[in-house]
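What the coordinates show
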Amino acid sequence: MTTVTETKWVGRSIRRREDPRLLVGQGTYIADLTLPGTTYVQLVRSPHAHARIRHIDISKAQNHPGVVAVLTGQEIAAAMQPILVPAMRPNLGGDLQVPTVYPLAIDKVNWVGEPIVAIVAESKYVAEDASQLVEIEYEALTALVNPEEAMKPDAPKIYEDWKSNVLWHGQLANGDVEKAFREADYILSERFYGHRTGAAPMETRGMVASYDNFTGLTLHINSQRPHILRMAISKIMRISHDKVRVIAPKDVGGAFGTKAPVYREEFIVSYLAMKLKRPVKWIENRMESLMTIGQERDQIHNLEIAVRKDGKILGVKDRMIADSGDGSNGVYMGFVMPWLGAAYLTNAYDIPNVHIDLSCVVTNKPCLSPGRAFGEFPARFAMDYAMHLVARELNLDPRDVFQKNIIKKFPYVTATGVTHDSGDYEGAFRALIEAIDYDRVKEEQKEARKNGRLIGIGFAMGAEMSGIGSQFFVPMENQPGYGSATVKVDTYGMIQVFEGDSPQGQGHETTIGQAVADELGVSIEDIYISYGDTFTTPFASGTLGNRGASYTVSAAVLACRKLRRKMQKIAAHILGLPLETEDFVFTNREVIWEQDETKRVSLLEIADVAILAPTKLPPGMEAGLEATSYFEADIASMLSIGAHAAVVEVNPETGAFKILRYVIVDDCGVPINPMLVRGQVHGGAVMGLGNALFEKYAFDEAGQPLSTTLMEYHMPSAADVPPIEMIEFNVPTPYTPLGTKGKGEGIPAPVPATLASAITDALDCPGFKILNLPITPESIWRILKELKQ
């Protein structure tokens with residue numbers, strides 16, 4: 001007989017369960033799915049940023065051998081509602097203008113890459129050839145690529161029935177801001193710009209749709225939000241909800257937010273499948289991807305900070321302008337990201353008086369789509385770098401300015417309404433200062449200067465969302481924030497978990513498995529995870545915003561605890577104990593009575609009784625071992641903290657700089673799998689480095705994209721990335737069952753202010769300020785050159 005043992009899975013750095021199939025090339029991605037009789041779609045996209053469509057001639061394409069169908073905007077618009085129905089619009093108050101958007105452009109195009117015609121053929125090569133035969137006559141219009149120019153009263157309107165080019169305008173404010181500014185000893189006023197950058201997942205978007213009159217529409221798609229997409233298709237295409245099934249594949253090659261919106265292509269492919277009664281497949285190519293999705297940030301912050309002479313911030317004003325692109329994507333409309341950036345502007349700091357005026361402006365660019373560090377990247381840069389500038393102006397040590405302003409008591413609600421649930425932000429910051437050895441670096445800096453070397457140190461904070469509760473999510477996106485999971489014991493005593501969200505590489509099979517294994521006393525090998533199918537999984541809003549460890553895992557844990565109560569009663573009944581007996585331990589696939597370890601029942605026997613032999617159940621108990629839970633934290637939002645620091649060396653003659661050290665102190669509550677947490681932190685930091693230093697979606701004056709290949713959109717390689725040191729500083733949250741917090745969303749955001757402050761400290765040049773991203777050797781050199789003139 002084995003003894004009771006405590007086998008803890010949570011907290012162990014086990015290898016990801018997903019990896020073996022990926023490492024041997026047996027992952028199942030959307031491009032791997034080809035149904036019998038599949039046809040292929042090629043989209044004809046606009047070469048103009050702004051133009052009227054005068055005439056479309058599709059006759060040559062229709063007559064091309066192998067072409068099955070050619071679809072234009074007029075036809076598809078007659079078959080459905082505009083995409084931006086009320087359920088697809090954010091509900092954030094303020095003044096919102098809603099464009100009328102159909103899947104294919106009809107009379108006008110508003111950005112290079114907007115789809116106009118869809119070609120369906122027997123092969124993707126025939127479809128591509130036929131797309132070259134479509135003849136479109138355009139009347140070019142003036143392109144607007146600068147949001148400040150687009151806001152001017154005399155600017156041409158992109159949507160001619162609008163009163164202006166402002167998509168959304170509103171304020172986030174609280175406290176007595178004017179009093180704070182009157183009482184300030186110093187007011188910093190600067191304009192900061194965070195450029196258009198974001199994410200370019202390894203796997204592009206793709207989908208396969210099929211339809212028949214009996215089962216309806218089935219859409220296989222690598223979406224982050226299959227349940228939300230199913231709801232959107234049902235509403236917009238006027239299809240009964242029970243006739244729409246959305247399935248995300250087993251494996252998705254990254255998303256980072258880019259696969260969360262509702263895009264036009266979903267409706268094009270679905271409509272064609274319904275029309276042709278044949279499977280229809282579309283896989284986005286890299287150029288299409290770089291032209292249409294992954295573009296985020298793009299914010300201007302006209303920031304003012306009122307400060308006492310000791311560095312205490314009294315108030316903040318910010319006149320924000322965001323370039324939302326054409327504002328056409330469902331759910332986000334290009335303005336939810338900057339809105340959240342405004343809400344999170346004050347970061348980890350106790351600033352009671354805030355007034356933010358936000359204008360989200362349409363331009364002739366693709367609609368902003370979500371990216372990791374959702375809306376926060378430019379805001380973090382502006383706020384945290386401004387605090388370093390305050391320290392320089394007041395001749396204070398920047399670490400003292402940060403420590404004086406860090407939130408110290410929890411829960412804490414910011415002036416913009418963001419709730420910080422728990423943590424030790426000050427402790428994390430002190431741990432960072434100690435880890436980077438701040439005082440030693442400052443001494444080395446003095447010695448290095450004697451030898452002509454310019455070394456600097458900088459740091460920044462990042463209060464990162466850990467999932468978003470319904471209190472925040474419902475008004476922001478018209479969607480719920482709860483996590484959902486169903487846990488079921490099968491006839492062999494194996495545990496099946498159905499999660500409502502659908503992962504894209506985060507490791508849910510591993511982390512959920514670890515949590516469930518602890519709850520039910522089994523091995524992680526006894527658990528299998530199912531996700532992605534809207535016909536079999538509980539409703540959830542999707543994998544985004546750090547929901548995994550905070551909300552989805554918590555739902556699985558609560559479902560397990562429901563099952564435990566039933567399993568205990570069944571065990572007590574089998575052992576002849578009172579049904580109320582609760583002193584049981586779940587371990588080694590057995591349920592053991594703590595008061596007498598000889599009294600034990602195997603999980604397999606409990607499953608057999610509950611599922612196959614229900615006559616042996618306690619009187620009145622229903623059969624089966626299955627439970628579903630929906631987790632909602634008892635607080636508006638949860639956050640975790642990350643603190644970054646860097647030591648750099650700068651060459652003032654060229655502007656080139658080298659990162660000598662990069663240190664991150666990170667809090668994820670209780671780490672389910674520390675190795676996966678480290679991977680998220682490293683990956684997030686690398687993305688932050690890429691966004692801050694290399695990656696840029698550029699456009700010329702006519703709105704032509706200049707970053708349509710990975711030659712121009714330069715993502716960092718291993719050679720570009722310094723060693724990253726990570727230190728755990730974990731403070732469990734009291735608002736989740738295991739104390740876990742999400743990890744991965746906001747890690748990139750502190751990077752630009754960290755590097756900008758380190759470079760500024762190294763140069764120590766009066767008047768030197770990095771106010772615009774990206775940070776490049778050329779931009780540093782130009783600032784220095786201008787200061788010399």
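First, a word on scope: everything that follows refers to the structure included in this document. Computed from a prediction, not measured in an experiment: that's the story for all the values here.

What follows covers the overall build of the protein. Within the protein, the regular secondary structure consists of 21 helices and 29 strands. Taking 789 residues into account, the globule formula puts the C-alpha radius of gyration at 28 Å, and the protein, at 28 Å, falls close to it. Seen through its principal axes, the protein has C-alpha atoms that stretch 90 × 75 × 50 Å. In the protein, buried positions account for 62% of the 789 residues. Here the protein has roughly 28800 Å² of accessible surface; of this, 51% comes from carbon and sulfur atoms.

Time to look at the packing of aromatic side chains. Counted under the stated rule, the structure contains 15 aromatic pairs. Each ring, one from Y332 and one from F374, has its centre 5.8 Å from the other, and the planes form 55 degrees; the classification is tilted. Taken as a pair, Y332 in the loop between strand 15 (313-323) and helix 10 (336-343) and F374 in the loop between strand 16 (353-361) and helix 11 (377-393) lie far apart in primary sequence, 42 residues in all. The exposure class of Y332 is buried, given its relative accessible area of 1%.

Moving on to the pattern of salt bridges. Applying the stated criterion to the full structure yields 51 salt bridges. Of the charged contacts, one joins R205 and E284 as a salt bridge, the two residues approaching to 2.7 Å between their closest N and O atoms. Of this pair, R205 sits in the loop between strand 9 (186-198) and strand 10 (206-212) while E284 sits in the loop between strand 13 (280-283) and helix 9 (286-292), and the two are 79 residues apart along the sequence. Look at R205 and you get buried, because its relative accessible area is 4%. Measuring nitrogen to oxygen at the nearest pair gives 2.1 Å for the salt bridge that ties R440 to E444. In this pair, R440 and E444 are both assigned in helix 14 (residues 438-450), four residues apart and thus about one turn of the helix distant. R440 gets classed as partly exposed once you look at its relative accessible area, which sits at 35%. Its relative accessible area of 39% is what places E444 among the partly exposed residues.

With that out of the way, let us pick up the sheet that holds strand 23 (residues 584-587). Sheets are built from strands paired through backbone hydrogen bonds, the pairs being either parallel or antiparallel. On the basis of which strands lie adjacent, the open sheet formed by three strands has the order 23-24-25 and antiparallel pairing. One side of each edge strand has no neighbouring strand; the edge strands of this open sheet are strand 23 and strand 25 (600-602). Strand-to-strand twist in this sheet, taken as the mean axis angle between neighbours without regard to direction, amounts to 20 degrees. Relative to strand 25, strand 24 (residues 590-593) runs antiparallel, the two sharing three bridges. Residue pairing for strand 25: V591 is matched across the bridge by V601. Running over the sheet, helix 18 (residues 603-612) touches strand 24 and strand 25 and is turned about 70 degrees from strand 25.

Let us now look at unusual backbone geometry. Of note, the amide linkage connecting F410 to P411 takes the cis form, showing an omega dihedral of -10 degrees. Note on placement: P411 falls in the loop between helix 12 (398-405) and strand 17 (412-413). That bond from L773 to P774 is cis: its omega, 0 degrees, falls within 30 degrees of zero. Among the secondary structure elements, P774 is positioned in the loop between helix 20 (751-763) and helix 21 (777-788). Even without a glycine there, the phi angle at N546 is positive, about 65 degrees. With respect to the element layout, N546 can be found in the loop between strand 22 (527-531) and helix 17 (547-575). For N546, a relative accessible area of 10% corresponds to the buried category. In this structure, R589 takes a positive phi of about 65 degrees despite not being glycine. Inspection of the secondary structure assignment puts R589 in the loop between strand 23 and strand 24. Judged by its relative accessible area of 23%, R589 falls in the partly exposed class.

Two elements in contact, helix 11 and helix 12, have axes whose closest approach is 8 Å; the angle formed by their N-to-C orientations is 120 degrees. Relative to helix 12, the element helix 11 lies oblique. Between helix 11 and helix 12 lies a crossing of right-handed hand. Along the contact surface, helix 11 presents D384, M387, H388 and A391, while helix 12 presents P398, V401, F402 and N405. Classifying every residue of the contact of helix 11 with helix 12 by side-chain character gives five nonpolar, two polar and one charged.

What follows concerns the pairing of strand 26 (residues 626-631). Judged by which residues are buried, strand 26 turns out to be one-sided: A627, S629 and F631 face inward and are buried, whereas E626, T628 and Y630, on the alternate face, are not. As judged from the six bridges shared by strand 20 (residues 483-489) and strand 26, these two strands associate in the antiparallel manner. Residue pairing for strand 26: V487 is matched across the bridge by A627.

Further remarks concern the side chain of S550. As for its position among the elements, S550 is in helix 17. When its relative accessible area of 0% is taken as the criterion, S550 is described as buried. In this structure the side chain of S550 is engaged in a polar contact, spanning 2.9 Å, whose partner is the backbone oxygen of N546. Excluding anything up to four places from it in sequence, S550 contacts S466, G467, F631, M638, T736, T740, K741 and G742.

Here we come to the packing of helix 16 (residues 508-520) against helix 17. Pairs of packed helices are described in terms of their axes, by the angle between the two and the distance that separates them. Packing of helix 16 against helix 17 brings their axes to within 9 Å, and their N-to-C directions diverge by 30 degrees. Viewed along their axes, helix 16 and helix 17 adopt a mutual orientation that is roughly parallel. The interaxial crossing formed by helix 16 with helix 17 has right-handed handedness. Residues H508, I512, A515, V516, E519 and L520 of helix 16 touch helix 17, and the partners they reach there are G548, T552, V553, A556, V557, C560, R561, R564 and M567. In terms of residue class, the contact of helix 16 with helix 17 is built from nine nonpolar, three polar and three charged.

Counting 167 residues, the largest nonpolar core has I233, M461, L755, I759 and I775 as the members making the most contacts within it. The element best represented in this core is helix 11, accounting for eleven residues. The residues touching L755, leaving out its near neighbours within four places in the chain, are A646, V648, I659, Y662, L689, L693 and I775. A515, L563, L617 and A627 belong to the second largest nonpolar core, which has 49 residues in total.

The next subject is the layout of surface pockets. Leftover empty space is mapped by rolling, across the atoms, a probe with the size of a water molecule. Estimated volume of the second largest pocket: approximately 430 Å³. In terms of lining, the second largest pocket is formed by 21 residues, of which the most central are T100, D107, K108, N110 and Y159. Looking at the lining of the second largest pocket, its residues break down into ten nonpolar, three polar and eight charged.

Our next topic: empty space enclosed by the protein. A full pass over the atoms with the stated rule returns four cavities of 30 Å³ or more. Size it by volume and the largest cavity reaches roughly 100 Å³. Lining the largest cavity are 13 residues; nearest its centre among them are W111, Y263, E265, T292 and N329. Across the lining of the largest cavity, the residue classes tally to six nonpolar, three polar and four charged. By volume, the second largest cavity amounts to about 60 Å³. Per-class residue counts for the lining of the second largest cavity are four nonpolar, two polar and three charged.

Parameters and conventions
- Residues numbered from 1 in each chain as written.
- Predicted model: local features only at pLDDT ≥ 70, side-chain atom pairs only at ≥ 80, totals over all residues.
- Heavy atoms only, no water.
- Helix = DSSP H or I, 4+ residues; strand = E, 2+ residues; numbered from the N terminus.
- Rg over C-alpha atoms; globule rule 2.2 N^0.38 Å.
- Buried < 20%, exposed > 50% of the residue type's maximum accessible area, 1.4 Å probe, protein only.
- Areas by Shrake-Rupley, 256 points an atom, 1.4 Å probe, with all protein chains shown as cover.
- Phe/Tyr/Trp six-rings, centres within 6.5 Å; stacked < 30°, edge-to-face > 60°.
- Salt bridge = Lys/Arg side-chain N within 4 Å of Asp/Glu carboxyl O.
- Pairing = 2+ DSSP bridges.
- Axes fitted to C-alpha atoms, helices over the stretch in contact; angles between N-to-C directions.
- Contact = heavy atoms within 4.5 Å.
- Parallel < 35°, antiparallel > 145°, perpendicular 65-115°, else oblique.
- Left-handed = near helix turned anticlockwise from the far one by under 90°.
- Nonpolar A, V, L, I, M, F, W, Y, C, P; charged D, E, K, R; others polar.
- Polar contact = N/O pair within 3.5 Å; in protein donor to acceptor, adjacent residues only side chain to side chain.
- Core = buried A, V, L, I, M, F, W, Y, C linked by side-chain atoms within 4.5 Å.
- 1 Å grid on protein atoms, 1.4 Å probe; cavity = no way out; pocket = protein on both sides within 12 Å on 5 of 7 lines; lining within 4 Å.
- Points joined across faces, edges and corners; volume = space filled by probe spheres on them.

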